[in-house]
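Observations on chain architecture
So you can see what is in the structure, the chains are spelled out below.
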Amino acid sequence: MATTAIIAGLSGCSVYPAQKQPTLMQTTSAEQVDRIFWQDVEQGKSAQANALLAPNAIWRVNGQVVARAQIVPWLQSLGIHGVRVSDVAVTPAVNDMNLVYTVQIQAEKVVAVPAGAGCAGRPQTLSALAVWQQPQPRGNEAKDEKATHTAGGYLLTVHDLTTSGNDGCR
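Since this is a predicted model, take the numbers as computed values, not measurements.

So, on to the nonpolar core. If you look at the biggest cluster of nonpolar residues, it comprises 34 residues, and the most contacted ones within it are Phe37, Trp38, Trp59, Val103 and Trp132. For this core, the element with the highest residue contribution is strand 4 (residues 96-107), accounting for 6 residues. Ignoring sequence-local partners within four residues, the contact set of Val103 consists of Trp38, Val83, Arg84, Val85, Gln124, Thr125, Leu126, Ala128 and Leu161.

Written as structure tokens, this is what we have:
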């Protein structure tokens, strides 16, 4: 019996299954909700990504504001096919969770660099600030329950992307 376990361990077999990413229904972490948002964007799940945006969401890219109604269509227009989030720092602020992180985006179009920089199709590294807010109870039990379970209890209210080093191109 012990020999079998040693052989299995040496042969690279795993006793535990691969860990799966939690879903919105399984997480209460703003960081995880942010990662799920980017995963939805990468996979072209526009309805799911849009559901994570607060009605008054503000999105800014290198100082240019993207209107709430245009956030998801703008993201879709970029042709994003790869996203990697790293170096996440989370700071709680009452009902908000502020995330500062680095996001590397692989897209067909330039995300946030000066025109003509030649980054299309190449990884673009950006600094991100995201504010995720827990919706406050409205006294309507059905709406409160839906808001809590739709986005892991968080909605994206503010997102700011800026280029980082080398105009963001890698």
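Next comes the rest of the description.
Moving on: the confidence of the model for the chain. Considering every residue of the chain, the mean pLDDT works out to 79; 67% of them sit at 70 or more. Across the chain, element-level confidence peaks in helix 4 (residues 71-77) with a mean pLDDT of 95 and bottoms out in helix 1 (residues 2-10) with 46. Counting contacts from residues 3-14, a segment whose pLDDT is below 50, to residues more than four positions away or on other chains yields 1 contact.

Bringing the side chain of Asp40 into the picture now. Its place among the elements puts Asp40 in helix 2 (residues 30-42). For Asp40, the residues in contact, after removing those within four places along its chain, are Lys45, Gln48, Ala49 and Leu52.

Across the sheet, which stays open at both edges, the 6 strands sit in the order 2-1-6-5-4-3 with mixed pairing between neighbours. In the strand order of this sheet, the two ends are held by strand 2 (64-66) and strand 3 (80-93), each with one partner. The sheet shows a mean angle of 20° between the axes of neighbouring strands, direction not considered. Where helix 2 meets the sheet, it contacts strand 1 (53-61), strand 3, strand 4, strand 5 (124-133) and strand 6 (155-163), and its direction lies at approximately 160° from that of strand 3.

If you walk through the whole model with that rule in mind, you get 2 salt bridges. Among the salt bridges present, the one from Arg35 reaches Glu31, with a minimum N-O distance of 3.0 Å. Here Glu31 and Arg35 lie together in helix 2, a separation of 4 residues that amounts to about one turn. Of the residues examined, Arg35 reaches a relative accessible area of 28% and is grouped as partly exposed. With a closest N to O distance of 2.6 Å, Arg60 and Asp160 form a salt bridge. Placement of the pair is Arg60 in strand 1 and Asp160 in strand 6, with a sequence separation of 100 residues. Looking at Asp160, the relative accessible area reads 14%, which means it is buried.

What counts as what
Residues numbered from 1 in each chain as written. Predicted model: local features only at pLDDT ≥ 70, side-chain atom pairs only at ≥ 80, totals over all residues. Heavy atoms only, no water. Core = buried A, V, L, I, M, F, W, Y, C linked by side-chain atoms within 4.5 Å. Buried < 20%, exposed > 50% of the residue type's maximum accessible area, 1.4 Å probe, protein only. Helix = DSSP H or I, 4+ residues; strand = E, 2+ residues; numbered from the N terminus. Contact = heavy atoms within 4.5 Å. pLDDT = per-residue confidence, 0-100. Pairing = 2+ DSSP bridges. Axes fitted to C-alpha atoms, helices over the stretch in contact; angles between N-to-C directions. Salt bridge = Lys/Arg side-chain N within 4 Å of Asp/Glu carboxyl O.

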